[in-house]
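Structural description and commentary
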Amino acid sequence: MALTKVTGDFIKAGSITQGHLHSSHGITTSHIAEGDKLFFTNARVDSRVGSLSTSNLSEGTNLYYTNARARAAISGTGSLSYNSTTGVMSFTMPAQNTSNITEGSNLYYTDARADARVALIVDSAPGTLNTLNELAAALGDDANFSTTVTNSIATKLPLAGGALTGTLTCNNAASDKKIAFRRTGGNSFSIEHDSAFIYFYNETTSNVVFKMANNNNTTFTGDIVAPGIYVGAANTSYDFYNNGTSYFNGTSTFDDNILIPSASHDLHIGNNLSTTGKVRFGLSSWNNSLGLESYYMVLRTNRNEGVKFIDSDGYTYAQFNASNNSSGAYNTILAGSLDLNSGAVWDATTQGAGKGSLHIDPNSGTDHAGGAITFGASDAGGGQTAQGGIYVRSDGTYGTRMYLSTTDSYATGSKTTIRLEAAGGLYVDRGNFYAPIFYDSNNTARYIDPASTSSINGLSVNGQLSMLGNNIIVFGPNTGWSKELAIGGNANNSSSTRGSIGVTNGNLHIDAADGGYATYLNFYDGTGGIAFGSGATTAVAWMGPDGDLWKGSADNSGSKYWHAGNDGSGSGLDADLLDGQHASAFQAAGSYAPAGGSYGTDWYANNLYHDDWVRNHTNNNGHYWSSTGWHLYPRNNEFFYIRSGLTTSTGLAMVCGNETVRGYVYADSGSNIGLLNNAGQWSLQCDNSKNVTAHGSSRAPVFYDSNDTSFYLNPAVQSRLGSLKLDGIISGSASGCAEYGRNHAYHT
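Reference entry: report on the structure contained in this document. (Residues numbered from 1 in each chain as written. Predicted model: local features only at pLDDT ≥ 70, side-chain atom pairs only at ≥ 80, totals over all residues. Heavy atoms only, no water.)

1. Thoughts on the packing of aromatic side chains
Quick note on the threshold: The rule is short: rings of Phe, Tyr and Trp, with Trp giving its six-membered ring, pair when the centres are within 6.5 Å, and they are stacked under 30 degrees, edge-to-face over 60, tilted in between. Here a helix means four or more residues in a row that DSSP labels H or I, a strand means two or more in a row labelled E, and each is numbered from the N terminus. Burial classes follow relative accessibility: with a 1.4 Å probe on protein chains only, a residue under 20% of its type's maximum area counts as buried, one over 50% as exposed, and anything between as partly exposed. Charge over a ring is defined by NZ of Lys or CZ of Arg lying within 6 Å of the ring centre and within 35 degrees of the ring normal.
Under the defined criterion, the tally for this structure stands at eight aromatic pairs. With a centroid separation of 5.3 Å and an interplanar angle of 25 degrees, the aromatic rings of Phe-189 and Phe-200 are classed as stacked. Of the two residues, Phe-189 sits in strand E4 (residues 189-193) while Phe-200 sits in strand E5 (residues 197-202), which places them 11 residues apart along the sequence. Relative accessible area serves as the criterion here: at 23%, Phe-189 is assigned to the partly exposed category. The partly exposed category is assigned to Phe-200, whose relative accessible area is 26%. Look at Tyr-439 and Tyr-447: their rings are 5.7 Å apart centre to centre, the planes differ by 45 degrees, and that puts the pair in the tilted class. Residue class for Tyr-447 comes out partly exposed when judged on its relative accessible area of 26%. An aromatic cluster of at least three residues, connected via ring pairs, comprises Phe-189, Phe-200, Phe-210 and Phe-220. The positively charged end of Arg-419 is found above the aromatic ring belonging to Tyr-427, 4.4 Å away from the centroid.

2. Regarding the sheet that holds strand E42 (residues 682-686)
Remark on secondary structure: sheet strands pair via backbone hydrogen bonds, oriented parallel or antiparallel. What counts is decided by this rule: When DSSP finds two or more bridges between a pair of strands, those strands are recorded as paired. Note on definitions: angles span 0 to 180 degrees between N-to-C directions of axes, and those axes are lines fitted to C-alpha atoms, for helices only across the stretch in contact.
Pairing within the open sheet is antiparallel, and its five strands lie in the order E39-E40-E41-E42-E43. Each having just a single partner strand, strand E39 (649-655) and strand E43 (692-694) make up the two edges of the open sheet. Adjacent strand axes in the sheet meet at a mean angle of 15 degrees, parallel and antiparallel pairs treated alike. In the sheet, E39 pairs with strand E40 (residues 661-668) via seven bridges, with the strands oriented antiparallel. Across the sheet, Met-654 pairs through a bridge with Gly-663, a residue of E40.

3. A word on the side chain of Arg-419
Here is the rule we go by: Any N or O atom pair separated by 3.5 Å or less is treated as a polar contact, with the protein-specific requirement of one donor-capable and one acceptor-capable atom, and with residues adjacent in sequence counted only for side-chain atom pairs. Residue contacts are counted whenever heavy atoms from the two residues lie within 4.5 Å of one another.
In this structure, Arg-419 sits in strand E21 (residues 415-420). Here the side chain of Arg-419 touches Asp-429 through a polar contact of 2.9 Å, side chain to side chain. Among all residues touching Arg-419, those that are not within four sequence positions of it are Met-402, Tyr-403, Gly-425, Leu-426, Tyr-427 and Asp-429.

The structure is reproduced here in structure tokens:
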């Protein structure tokens with residue numbers, strides 16, 4: 001057993017000394033219990049010393065420091081002041097300037113005294129010559145300036161004239177005039193030169209009269225006026241005369257303009273005229289010319305004149321008028337027709353940017369600018385004003401727009417009738433759009449034939465749609481049964497392929513498609529009630545205005561259904577029996593427990609009959625079918641739950657006595673609820689967004705818009721619709737028509 005306790009004198013007294021307790025032996029204060037004498041620690045010393053202040057010390061001859069004692073020992077005089085309360089010292093600089101100093105023989109400097117001394121030296125000299133350095137620079141720093149100037153003047157030609165003893169050389173820049181000849185009241189000329197030419201220059205008009213090249217060729221920029229100029233022998237080579245006729249014997253080449261100065265001068269070309277320049281007509285200041293410019297033959301005229309083309313009989317067949325301004329507003333007059341013999345195979349949908357046989361350039365970068373083809377009126381303005389035309393506007397934000405214009409006012413001129421938008425839309429801005437048949441360009445099977453039958457995909461009517469006379473609206477035939485529905489007319493428009501809804505004398509008839517006047521459901525006005533038919537011409541049941549429903553004719557002579565008066569012999573009904581069982585066969589009202597059992601236990605029965613409430617008084621449990629998982633139970637005092645055994649759907653089947661399903665009340669996991677037909681297909685569907693979709697036709701005396709009951713559909717009388725879209729035809733007899741709205745201006 002291990003030794004756990006030292007008792008008695010097991011350790012001899014004095015055998016453990018201070019040396020044995022040294023930390024080098026592994027024994028520290030951590031191995032010794034602390035008694036009333038506490039160990040020394042830095043924290044204990046810091047805590048003890050840190051809590052001491054001068055309040056724990058007696059004050060001797062050396063007094064403690066205090067703010068008050070320090071501030072009282074400081075003082076200030078003169079410009080130095082001291083606040084012993086705050087300890088702040090302030091120094092104020094005394095005002096010292098020349099006003100405080102007495103002026104002696106040495107005067108103070110002032111700007112006025114300095115400016116006065118300088119003015120005596122400058123004596124109002126210009127700013128660039130008011131210093132000695134500027135004066136020396138102006139004299140070229142030449143100490144012998146007078147002699148230099150005298151010698152320079154002696155080398156100059158006097159203004160009165162004289163003789164030059166040497167060559168006159170002009171070495172200025174090519175653009176400077178070298179020798180000038182000036183005359184008061186007349187033109188001034190000069191002679192100048194550059195590296196290639198010497199120029200005779202008209203300074204008054206700023207034109208070169210002629211220039212001589214280094215190869216001795218002379219070029220004249222104006223006319224050469226002389227009785228005659230001969231190049232070779234007279235009348236044999238090139239002869240130029242001032243009598244109106246010039247001779248060019250042989251091939252002549254003109255590298256510049258050919259000028260015919262007036263109407264009395266002619267240019268006769270017996271063969272061909274070949275020139276790389278221009279043939280010019282009129283005075284030299286005019287800009288009339290015929291010539292080649294950038295690979296084009298150009299017939300040019302100035303802005304004050306035009307160009308005419310006249311045949312040998314003097315008949316003008318083409319005239320190009322000048323604008324007489326700088327705007328470029330020219331016009332052309334053709335006396336006959338214009339034939340453009342040019343064409344191309346254009347793409348049927350996108351013709352691209354290639355130019356056509358006739359191209360009109362707006363010649364303007366202004367937004368919405370474009371060309372136009374306009375037409376004048378024979379009885380207005382001599383045909384010179386635009387009373388119709390084809391106009392184009394263009395802009396980079398939308399492309400191009402075209403306007404086909406006519407007018408009903410010569411004073412106003414052209415007005416847009418048809419507008420073609422950049423996106424391709426066609427708009428009739430004035431008047432109406434007339435055509436025998438209007439086709440859908442995307443599907444020509446859809447069309448409107450106002451005089452006959454139309455086929456359209458939808459019709460939106462913002463107002464009343466009226467079918468006058470005995471005309472009807474036919475929907476269908478449908479794709480499932482090839483049957484139609486006719487609305488309107490004189491009622492009873494049914495046939496073997498068509499059911500009908502019609503009105504007679506205010507009565508609404510809903511008849512099936514089995515021909516003749518077969519009655520199915522007729523609503524009579526006043527106190528007539530509702531007739532129910534089986535397809536024959538007579539009704540099999542009636543509902544009177546008081547809500548009673550009886551069998552037979554409208555005279556209320558038949559047996560009433562589920563009325564106190566129909567319980568009796570021969571009625572086929574007995575109010576005392578239910579499925580052939582008398583009330584005595586049912587369990588009486590009150591609680592029931594099976595024989596030998598207690599409440600809460602299971603019990604079984606083939607049939608359960610009762611003539612009072614079946615109650616569950618302890619909880620909300622209801623009926624449960626373990627084989628299918630169906631539950632019927634109340635969730636609370638507001639909702640009753642019908643829960644199927646599936647998580648995807650639930651529903652109720654409406655079944656006749658022969659177990660034939662006639663339809664369903666149905667809901668699915670997508671929060672859709674509504675009615676299904678006997679084939680399990682949606683008939684009326686309501687989704688979680690409160691949208692109701694009828695997958696077949698909807699029937700009622702009047703259909704109202706729930707958001708605005710001023711809009712409604714009343715098949716028997718008159719309807720008010722925001723819009724009506726039809727996927728079918730509107731048909732009627734040839735004498736019928738549809739009435740659309742009533743305009744506000746004329747009430748028609």
